[in-house]
Amino acid sequence: MATQASPLDTPRAASPGTAGMPVLHMVIFAGLLVLGLIAPYVLYPVFVMKVLCFALFACAFNLLLGFGGLLSFGHAAYFGGASYVSAHAAKIWGLSPELAILAGTGAAAVLGLAIGSLAIRRQGIYFAMVTLAFAQMVFFFSVQAPFTGGEDGIQSVPRGHLFGLISMAPDRNLYFFVLAVVSIGLLVIYRIIHSPFGQVLKGIRDNEPRMISLGYRTRRYKLAVFVLSAALAGTAGATKAIVFQLASLTDVYWTMSGEVVLMTLLGGMGTVFGPILGAAVIVTMQNYLATFGDWVTIGQGIIFVVAVMLFREGIVGVLARIIKRPL
Amino acid sequence: MSEDIILQASGLTKEFKGFVAVSNVDLTVRRGTIHALIGPNGAGKTTCFNLLTKFLQPTGGVIRYNGQDITAMQPADIARLGLVRSFQISAVFPKMSALENVRIALQRRRGDSFDFWRSEKVLAGLNHEAAALLEDVGLTDFSATLAGELPYGRKRALEIATTLALDPEMLLLDEPMAGMTQEDIDRISSLIRRISANRTIFMVEHNLSVVASLSDRITVLARGEVLAEGDYATVSKDSRVIDAYIGVGHG
């Protein structure tokens, strides 16, 4: 037995994280953190905060698609729904930003539980259609309900004071709070992927009937990951509402569900870091090419076509294949 | 019901919109035997198999496992009772290593794994047992290989190792030799014989020489009904069985 022990106890490149976080992933996380700490001094902080919120949104979506094998086409419901709750909590209830974000996250989790428990009864394209249908209902609710402000949305949401103490009005203060929220969110997702629960998820993604035959009640796991993904997407949306001091129909509209699919596929579905890159690319395009108006949408369409035709594994997926290590 | 009957189906029927795939099938599997289900193409073997493992819900009949009525149970719950099935198309987890494939079955022992906050390091304690199971089926050198990259015969071996990790009381194998080379067939045959020592095995199989050499008892199915039952010598001489095979133009 002693001779067998050594190859098993060392981390294997083929499957990450058997013995904790691989060094490569630690280095990448550290690098991203350094970038995140430098960014507000080089770039416009609000822009970087937008990238951070979408990075978390895309990673939350990727948790469901890339690791649970479930394609939701209605993730705007949780992202946008949470942004309304967060904005309402901060503006009307006067909650501090961290509590407003928690409220948004909780609301998204509840919404995810309600929609997910119905959607996971179907598979493949039917699952996607059910999630889309419910997301459209959330959209129409947002147009009609009095507290969402209809076409105007909820405007001039106060950024408030963190823990009731530190003013979040200066962009830099808010920036480091947002960086902390998103970093924690990303680490939570990393842990979920690399947990006993994550192993079961990968099994279901790879071969659901086989998992059933091994005695796993797969629906419960699918529902659990759906709720986790919805909650984390909610954290992203709730944070964005505080950053922009606005909750609007844009975030709950079906195109937002499409955008997060694009970010995830472009960066690399089923990779740890791909969706972060995908989000950064798409948000950057939207911001710096905004002057071209509708051409941005066409540009996104072209990127999508190129990604699907030439590198289906996404940018990071291709990199991972080249260096033969999971990223 | 006798003690030595592990699985019993009576009046098992499955209708698909006016088409009766399995009609009033009675089947009794004795504990500790290797029982094969054979029949020409379209006889309803796979349907029958899926009914017994609850991947299909029967439209009529009762299934008892160890005396317990399992007719209305979910497939995952049947697996928890110790009745584990394999699949015709190799059922591995392609993007997981061979070791992880086996370990995910061992992981069932923890009960449910909803602990998403814990590191998967807690599973490392299962690695040695997983390695031992891989060794059992001759896959030690492939433990870090992604299952999707294994050759076909090795995938079947990995699938058996994964199933054995659950230490099931009864195995249901769906065409274990399908698409295998003769060399693989010999290896898997001896593996099946070895694991049958303290288990019951029920299998659907096309390869008649495998059936002849392995099984204690054979049930022949044709057009959804039981045609004959007995050991190989009995059923192979049965004129109705010969008719069914030659008449339908099998092989």
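Note that the structure is a prediction, hence the values are computed from the model and not measured.

## Let's talk about the environment of A:G81
Residue and element names in this part refer to chain A. Structurally, the position occupied by G81 is in helix α4 (residues 76–91). With 30 residues separating them in the primary sequence, G81 and L111 have C-alpha atoms 8.5 Å apart. In contact with G81, not counting residues within four places along its chain, are A76 and V252.

## Structural notes on the sheet that holds strand β10 (residues 225–230) of chain B
All names here are of chain B. The six strands lie next to each other as β6-β7-β8-β3-β9-β10, forming an open sheet whose pairing is mixed. At either margin of the open sheet sits one strand with a lone partner, and together these are β6 (83–85) and β10. Strand after strand, the sheet turns through a mean of 15 degrees between neighbouring axes, direction not considered. For strand β3 (residues 34–38) and strand β9 (residues 217–222), the ladder comprises four bridges, and the chain directions are parallel. Within β9, the position partnered with H35 by the bridge is R217.

## Considering the sheet that holds strand β1 (residues 5–16) of chain B
Hydrogen bonds between backbone atoms are what pair the strands of a sheet, whose relative direction is either parallel or antiparallel. All names here are of chain B. With respect to topology, four strands assemble into an open sheet ordered β2-β1-β4-β5, the strand pairing being antiparallel. A strand with exactly one partner marks an edge of an open sheet, and here the two such strands are β2 (19–30) and β5 (68–69). Of the strand pairs in this sheet, strand β4 (residues 60–65) and β5 are connected by two bridges, and their pairing is antiparallel. Each residue of the ladder has a partner; that of Y65, found in β5, is Q68.

## Here's the deal with the UniProt feature "transmembrane region" (unreviewed entry) in chain A
Residue and element names in this part refer to chain A. Mapped onto this numbering, the UniProt entry annotates "transmembrane region" (unreviewed entry) at residues 23–44, 51–79, 99–118, 125–143, 174–193, 223–248, 260–283 and 295–323. In residues 99–118, the share of helix is 100% and the share of strand is 0%. The end C-alpha atoms are 29 Å apart. Helix makes up 85% of residues 223–248 and strand makes up 0%, while its end C-alpha atoms are separated by 28 Å.

## With respect to the packing of helix α3 (residues 98–106) of chain B against helix α4 (residues 127–136) of chain B
Residue and element names in this part refer to chain B. In the contact formed by α3 and α4, the axes pass within 9 Å of each other and the chain directions differ by 115 degrees. Taken together, the axes of α3 and α4 are roughly perpendicular relative to one another. Judged by the sense of rotation from one axis to the other, the crossing of α3 with α4 is right-handed. Residues A98, L99, V102, R103 and L106 of α3 form the contact with α4, whose own contacting residues are N127, E129, A130, A131, L133 and L134.

The rules behind these values
- Residues numbered from 1 in each chain as written.
- Chains lettered and ligands numbered in written order.
- Predicted model: local features only at pLDDT ≥ 70, side-chain atom pairs only at ≥ 80, totals over all residues.
- Heavy atoms only, no water.
- Helix = DSSP H or I, 4+ residues; strand = E, 2+ residues; numbered from the N terminus.
- Contact = heavy atoms within 4.5 Å.
- Pairing = 2+ DSSP bridges.
- Axes fitted to C-alpha atoms, helices over the stretch in contact; angles between N-to-C directions.
- UniProt positions renumbered as here; feature names shortened; annotations may be inferred.
- Parallel < 35°, antiparallel > 145°, perpendicular 65-115°, else oblique.
- Left-handed = near helix turned anticlockwise from the far one by under 90°.

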